[in-house]
Amino acid sequence: MRDGPKQKSHIKFTLNGETAEVAFAPHKTLLEVLREDLALTGTKHGCELGECGTCTVLVDGRAILSCLMLGLDAEGREVKTIEGMADGTQLHPLQDTFADLGAAQCGYCSPGFLLVAEELLEKNPSPTRDEIKEALSGNLCRCTGYIKIYEAVELAAARMRGEEMELPRESIYGYE
Amino acid sequence: MAKSRSNNGKPLSVVGKPFRKVDARAKCTGQTKFADDIFLPRMLHCKILRSHEPHAIIKSIDVSKATALPGVIAVITGKDLPIPYGILPVSQDEHALCIDKVRFIGDPVAAVAAIDEDVAFDAMNLIEVEYERLNTISSIEEAVMIDEPRIHEYGDGGNIHKKVSLEFGDVEEGFADADLVREDTFFYEGNTHLPMEQHAAVAYFDPDNKLTLWSATQTPHYVHRALTKVLEIPASHIRVIATPNGGGFGGKSDPFNHEVVVCKLSMITGRPVKNTLTREEVFYCHRGRHPVLMRVKTGVRKDGAITAMHFQSFLDGGAYGSYGVASTFYTGALQTVTYDVPRYKFQGLRAFTNKPPCGPKRGHGTPQPRYALEVQLDKIAEDLKLDPAEMRRAHLVKPNSITANYLRIGSMGLGQCIDKVVYGSGWKDKFSGWNQSKRNLPYGKGIGFACSSYICGAGLPIYWNNMPQSGVQLRLDRQGGVCVMCGSIDIGQGSDSILAYIVAEVLGIDPFDIRVITADTDLTPVDLGSYSSRVTLMTGNAAIQAAERARELLVIAVAEKLGVPIENVSLAERRVFDVENPEVGVSFAEAVVLAESKFGTIGTVGSYSPPRSPGKYKGAGVGPSPAYSYSAAVAEVDVDPSTGIVVVERIWIAHDIGKSINPVLVLGQVEGSVYMGLGEILMEEMAYRANRNVVHKFPSMLEYKSPTTMEMCDVKTYLIEDPDPNGPYGAKEVGQGPLLPVPPAVANAVYDAVGVRIDEVPITPEKVLKALREKAKGSDGRYGPDSIPSVDWPEPLRVLTPAEGGDGREMPRVAVHS
């Protein structure tokens, strides 16, 4: 193999509510550590340069781009990925509304959008459409035109507030 | 078949309902396995060295340092894969790794398999390639003017890949008949698909000498064919599994070099090999929208009725053939399916240039001419002082008719689409009516209108054959399980779900009772792939046939058991019962047991072949479709005259879907199409620095601008259901068509807002400002190309139109009028 023994770093952190320990080459990004060393492939990548938002995970409750964070920097922190969003088989309300409204078309950007939306609703349970747009503006989606995503966030927010909300007919069948 | 499409008069219980997609939970929990999510034991990682020269002879390649690097298992170059391939039989012009020369920056030259990605990357950088530079061809104009050096040794001379010349009826006669003849020139810049998922492929050549490829491809069947050719192993030893695509939009429709390379490396090493493209490499893979320069000459009467049209298009094809011959024909095919065009002439030229190859992107070859046509019609409406929506409305192609170029129109809901968006947008209260002094909206605000149409699947397959374009296999087991298998691949549009909905509808069960297995050449019958908006119509019809055959077996068995005539037996709510005594019946699972007891194992198949096209002339293969979808759109914009920035505030769009199999998924496709059209008209450009070695300007997602949530406009969607007899339950396409009216509607709205014509896509602030400044100086305030290259066109192939008594064949050359 390459010259000399490969130095792997070893970290311990909280991953989706559980203690995780992992060893990896120290230059690896959190994205790579999650996907390659922890087999959590739910976190996706679209550019690995911090441009698309696809690799978003929550670190200590804040959305960050895992392609721009070194795995080493996760030491002692709390990381949440898409695999940790549902409660067992019970989907998070956002996952439910994304599924119902077709807010996930190809589903590749969805983990990133879902986690950013989760952080948004954590901080702001009643976001306006403009606040939703602002919060999601760092994530690119090429399939949906974002509209079903906004509607899914709004519906989930209402449900999480305990409100009964029906989607307007035009969100399902179009305008009359 | 018509009977089945109306579901025997039974009310629909699944079709038309907003069910979840069958894979929705997986997608929302990150559990969908995309190609790069596959990790196999002993898997090697592959990196591909790509050319940094746009056009050069490969003098030598030295891989010795790379091979010597610890951890490197194999290194290959072009001599290891000498057989060419390509998506079209007429353009077998690619090599998985270049043999003797490179044709664009990004052309693959050598490949490494190593124990991990880092080692593979280091090894790739140790490969030494000596190039001898050749002059480059960087534009359509250069390709037309400069014959040498040739990028390819085939084509229609010099650096012209393809020339097409067709004439339906005598256009000169039509122009002589016109009250107004306009000639306009347009340019539509190229752009790229930019799927969020980077292409990835994993290959494993197993100890039994069978090869499996998992790949993010829209066309597993065509990849299968290419692999057997290039690798020289029997197709029966190759299994291609298309993984769910993280977005396709046409960009994963060619067989790709990285797919061939990982297979070859696995065959050499006996280990699984993975390659995932970097985002930069995805830009070089491209196959996106062709840049097209267009000259349109249209004759009209005072009421806006078209008397003749002559359309010329010049496509910048990039370095390889790809789908380009089809793309060229598509730039001339669908002009005739919206408004009546009694005489029509088309000349198209595709040039080779030293850029990443262009191919099919959402709308394949038709958004460019649609933009030109709809902007020109807006200008014509102004010349004639007609309302542009009313003018179009008055001259629509009739349903169940045949166009001048022999496209058979079935259902045609464009009139209703126009009515919806005109009314919904408040068009009449907003449009300036060509009178800037009596504006309804303030200066800077404007509204624009456009229509479009798209095919629901190509009438012909890519390679000539008489077999079905889509096959579905259904297996019912004695526990009541239903498994539907089809070669189609879900690229996010929901094609897996469509199969489940349709089978569930026919068999009276819940779509979530059904297991869907798709896109695996070992397990599923052939479907040609997710392109040309063919999947719902073709797999849907095949699924209906397979499910009806299964239903028949269940009905016979249950009728016998219940002692009732077979016409009395119905299937609904997971039961099979007597319609006259609904409580008398059996569960669906019991029905399968009865049928299996009577007939043996229950498995059925269905297949679909499109109807034959009435066009028989050479070139008639592009354009025919079982059905055409229609769209109309109104765009409202805000143009800041001091910055030139165009903000699209809202788009009203009506789409003639025939029948929604699932309205939520249909809306998602409409909104996504509007989004992509918005990106194309406002910002997206696949642009190069011609004077600096044909370097791509922006091979990154930061610099290649695409709409974020902040640029995306509000969308109001109307679905028009005018069922087409050829569609499953009357359904037509929606994945591509609704993109088409968006660019011209925005361009027309910009004119309404500030009085400048931007005849070039995208409409950037620089272009708007330049046009406004020119207008302030007293010119007409237009930004766009003025000239087209001078080309020796071949004598057009002449075809009498149906109205002239033509039979769809070309006229013999001797009988041609001069």
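Residues numbered from 1 in each chain as written. Chains lettered and ligands numbered in written order. Predicted model: local features only at pLDDT ≥ 70, side-chain atom pairs only at ≥ 80, totals over all residues.

1. Re the interface of chain A and chain B
At the interface, 44 residues of chain A touch 51 residues of chain B. At the level of elements, helix 2 (93–101), helix 3 (110–123), helix 4 (129–136), helix 5 (147–160) and helix 6 (170–173) of chain A are the ones that each hand at least two residues to the side of chain A that touches chain B. Tallied by class, the residues present in the side of chain A that touches chain B amount to 24 nonpolar, 13 polar and 7 charged. (Contact = placed C-beta atoms within 7 Å. Helix = DSSP H or I, 4+ residues; strand = E, 2+ residues; numbered from the N terminus. Nonpolar A, V, L, I, M, F, W, Y, C, P; charged D, E, K, R; others polar.)

2. A short note on the sheet that holds strand 15 (residues 344–351) of chain B
The strands making up a sheet are joined through hydrogen bonds of the backbone, oriented either antiparallel or parallel. All names here are of chain B. The strand order 30-8-13-14-15-7-32 describes an open sheet built from 7 strands, whose pairing is mixed. Each of the sheet's edge strands pairs with one partner strand only, and the pair in question is strand 30 (760–761) and strand 32 (797–799). In terms of strand pairing, strand 8 (residues 180–188) meets strand 13 (residues 292–300) through 9 bridges, oriented antiparallel. The residue bridging Phe-186 from the neighbouring strand is Met-294, located in strand 13. (Pairing = 2+ DSSP bridges.)

3. What about the nonpolar core?
Residue and element names in this part refer to chain B. Within the largest apolar cluster, 311 residues are counted, with the highest numbers of intra-cluster contacts made by Val-484, Val-503 and Val-750. If you tally residues by element for this core, the top one is helix 16 (residues 535–562), at 14 residues. What Val-750 contacts, discounting residues up to four positions off in sequence, is Gly-446, Val-637, Val-639, Val-646, Val-756, Ile-758, Ile-763 and Val-768. (Core = buried A, V, L, I, M, F, W, Y, C linked by C-beta atoms within 7 Å. Buried ≥ 20, exposed ≤ 12 C-beta atoms within 10 Å, placed from the backbone.)

4. Some details on the pairing of strand 11 (residues 238–242) of chain B
Residue and element names in this part refer to chain B. Buried residues dominate strand 11, accounting for 5 of its 5 residues. A two-sided burial pattern is seen for strand 11, the buried positions comprising Ile-238, Val-240 and Ala-242 on one face and Arg-239 and Ile-241 on the other. As defined by bridge partners, strand 10 (residues 211–215) adjoins strand 11 across 5 bridges and the pair is classed as parallel. Looking across to strand 11, one finds that Leu-213 is bridged to Val-240.

5. Notes on the confidence of the model for chain B
Residue and element names in this part refer to chain B. Looking at chain B, pLDDT values average 96 and 98% of them are 70 or higher. For residues 1–6, every residue scores under 50 in pLDDT, and the model assigns this stretch 7 contacts once sequence neighbours within four places are set aside. Here the predicted complex carries an ipTM of 0.97, next to a pTM of 0.97. (pLDDT = per-residue confidence, 0-100.)

6. Quick word on the sheet that holds strand 19 (residues 514–518) of chain B
Residues and elements named next belong to chain B. If you walk across this open sheet you meet the 4 strands as 19-18-17-23, and the pairing is mixed. A strand with exactly one partner marks an edge of an open sheet, and here the two such strands are strand 19 and strand 23 (602–608). Mean inter-strand twist for the sheet, computed between neighbouring axes without regard to direction, equals 20°. As defined by bridge partners, strand 17 (residues 470–476) adjoins strand 18 (residues 482–486) across 5 bridges and the pair is classed as antiparallel. Within strand 18, the residue paired with Gln-473 across the bridge is Met-485. Packing against the sheet, helix 16 makes contact with strand 17, strand 18 and strand 23, and its axis sits at approximately 150° to strand 23. (Axes fitted to C-alpha atoms, helices over the stretch in contact; angles between N-to-C directions.)

7. Brief notes about the packing of helix 2 of chain A against helix 5 of chain A
All names here are of chain A. Look at helix 2 against helix 5: their axes get within 8 Å of each other, and the N-to-C directions meet at 140°. On the basis of their axis angle, the class for helix 2 and helix 5 is oblique. The handedness of the crossing between helix 2 and helix 5 comes out as right-handed. In contact with Pro-93, Leu-94, Thr-97, Phe-98 and Leu-101 of helix 2, helix 5 contributes Lys-148, Glu-151, Ala-152, Val-153, Leu-155, Ala-156, Arg-159 and Met-160. Each residue belonging to the contact of helix 2 with helix 5 can be placed in one class, and the counts come to 9 nonpolar, 1 polar and 3 charged. (Parallel < 35°, antiparallel > 145°, perpendicular 65-115°, else oblique. Left-handed = near helix turned anticlockwise from the far one by under 90°.)

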